[in-house]
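Single-letter residue listing:
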Amino acid sequence: MRKGKTGKLKVAFFSQRILSLKRKVRERYLIIGVCMVWGIFAPVKTVGQSSMNLSQCIDYALVHHPDVLSAHLDEEIALQNVRQVAATGYPQINAYGSFDDNIRIPLVALPAIFFDQTAPADAIVPVRFGVQYTGAAYAQLDQIIYMGTYWIGLKASKVSRVYYCQSSQQVIENTIYNVCKAYFNYLVSVQRVEVQKSNLEKSQNLFQIVDLQYQNDVATKADRDRVFVDYNNQLTELKTLERAVKASLNQLKFQMGMPVSEQVEIVSVNADTSTLFQLEELPEKPNYWKRADYKLMQTRRELGALQVKQYTSEFQPQLTAFGKYQYQSFSEKFNLWKTEWFNSQVVGLRLTVPIFSGFKRSAQVQQYKLELKKLEIGIARLEQQIDIELSNAMEDFNTSVDNIKLASENIKLAQLVYDSEILSYKEGVGAYSDFLNATNSLKVAQVNYVTSLFNAYLARLELAKAQGKLNEVIKWIGK
């Protein structure tokens, strides 16, 4: 009789303990579920580290990323190239000096009759003309008056500078895109860890309940071991996901141009899904000129046309002016500085008329005309590519928005199923396999929601890139 009373007391005590644990676990799950749905992109805090949001990460990358720095240097190089080409059209002034020591003055053969009228007509007399030492100093000015290649080359250099500025803008857009992608990937990795921690806590709480049941002879050792194995699996997966977080953070630092050793805290972005995925109606025909790559292609086409003109202008005459002011001195002894210096001046025009160059210029003109046709074909091909990218990006975006809605509903349903199955399992009327399936379904639903939101951000990013509005979207996401 005593033994029966003791057993009833144990069961009563155990039932009361179970009900208390049920309430605590249900409250904890409810809090976790709400936090997961509304706090997917909550700040990821680390004590003692600098804090950076998406906008700050992008600003950092635009200052430190090697590709961006190289692109800005290319702009400066293009600017100096414009100055170099322009300088060839300015007056060119040069000063020269020379000193000659004629060790053996060359002989000049003259008819002897110049010196002796009675000399035979065919007689030759060798004569040395000149002195041993001569010196000269002069300055010369050259100025282009007309040269077709100069003006076209100057215009081409300016267009080339525009090309490098556009190329720099494309590098900046690619850097922004890569930083955003790595940023979202890091946030998703962190949230997967949070989801796994939640699942691990559930598994730990369940183990405590089953262990208590086992101690009170309500659950078997096999039940206890199954729950413990599941807990260990959850713990192993958590460690794997935590390593993935470190790898994704390093990737983000790489895209930012930040040293891996530098400590940083990554905080949230705009996660208001009610305004996140509202788009204005797309025009029937895309505006290609908003795309940096399209601008680059058009600028290359303009440069190709200028190259054709430049080689064509080589058939035109060239006219230059020059002026020269000179001093000369002559002496038989090494004392030019003591002798008299004679000056002279000359000014003139120089006309160059191309006549025949072996068809070289003609071949160059034809070559660049063919290159220009290739560029025009490439532009038409790029327009087709942009149309396809825009259509695919819009389709992917709409699909990702639908997936978010489905994933959100799945979380709610999976949570209801999980609550029902764990209650049945605790009361001893449910199978462990059903409870395990419910647990896995809830975990999959949670991960799918996080992944769907991440994919929606990427799809929005891809759509903005296809539209050439990447900067506008970045401002909106980071607000």
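Every value quoted in this text rests on a predicted model; they were computed, and no experiment measured them.

**Q** Would you mind going over the overall build of the protein in detail, with residue names and values included?
**A** Looking only at helices and strands, one finds 10 helices and eight strands in the protein. The buried share of the protein, reckoned over its 479 residues, is 38%. Carbon and sulfur atoms provide 56% of the accessible area of the protein, an area that totals close to 28500 Å².

**Q** I'd like a description of the pairing of strand S7 (residues 318–331), backed by residues and values.
**A** Here strand S5 (residues 133–146) pairs with S7 via 13 bridges, running antiparallel. By the bridge assignment for S7, Gln143 is matched with Ala321. Strand direction decides the pairing type here: S7 and strand S8 (residues 341–352), joined by 12 bridges, are antiparallel. From the neighbouring strand, Ser329 faces S8, where its bridge partner is Trp341.

**Q** Give a description of the sheet that holds strand S2 (residues 92–101) that names residues and reports values.
**A** Read from one edge to the other, the open sheet built from four strands follows the order S2-S5-S7-S8, with strand pairing classed as antiparallel. Edge positions in the sheet fall to S2 and S8, since each of these pairs with one other strand and no more. Strand-to-strand twist of the sheet, defined as the mean angle between neighbouring strand axes without regard to direction, takes the value 15°. Here S2 runs beside S5; their pairing, made up of 10 bridges, is antiparallel. Bridge pairing links Asn94 to Gln140 in S5.

**Q** Run through a nonpolar patch on the surface, naming residues and quoting values.
**A** Together, Leu351, Val353, Ile355, Phe356 and Phe359 make up a nonpolar patch on the protein surface, roughly 640 Å² of accessible area in all. Looking at where Ile355 falls in the secondary structure, it is placed in the loop between S8 and helix H8 (360–426). Classification of Ile355 as exposed rests on a relative accessible area of 78%.

**Q** Requested: an account of the environment of Leu141, with residues and values cited.
**A** When you line up the elements, Leu141 lands in strand S5. Classification of Leu141 by relative accessible area gives partly exposed; the value is 35%. Along the sequence, Leu141 and Ala95 sit 46 residues apart, while their C-alpha atoms lie 9.0 Å from each other. In this structure, Leu141 is in contact with Gln92, Ile93, Ala321, Phe322 and Gly323, ignoring residues within four places of it in sequence.

**Q** I'd like a description of the state of the cysteines, backed by residues and values.
**A** Summed over all chains, the structure comprises zero disulfides. Looking at Cys57, it has no disulfide partner, and the nearest cysteine sulfur is the one in Cys180, 9.1 Å off. With relative accessibility at 0%, the residue Cys57 sits in the buried group.

Here is what the cut-offs are and how they apply
Residues numbered from 1 in each chain as written. Predicted model: local features only at pLDDT ≥ 70, side-chain atom pairs only at ≥ 80, totals over all residues. Heavy atoms only, no water. Helix = DSSP H or I, 4+ residues; strand = E, 2+ residues; numbered from the N terminus. Buried < 20%, exposed > 50% of the residue type's maximum accessible area, 1.4 Å probe, protein only. Areas by Shrake-Rupley, 256 points an atom, 1.4 Å probe, with all protein chains shown as cover. Pairing = 2+ DSSP bridges. Axes fitted to C-alpha atoms, helices over the stretch in contact; angles between N-to-C directions. Patch = residues over 30% accessible without salt bridge, like charges linked within 9 Å, V, L, I, M, F, W, Y side chains within 5 Å. Salt bridge = Lys/Arg side-chain N within 4 Å of Asp/Glu carboxyl O. Contact = heavy atoms within 4.5 Å. Disulfide = S-S within 2.5 Å.

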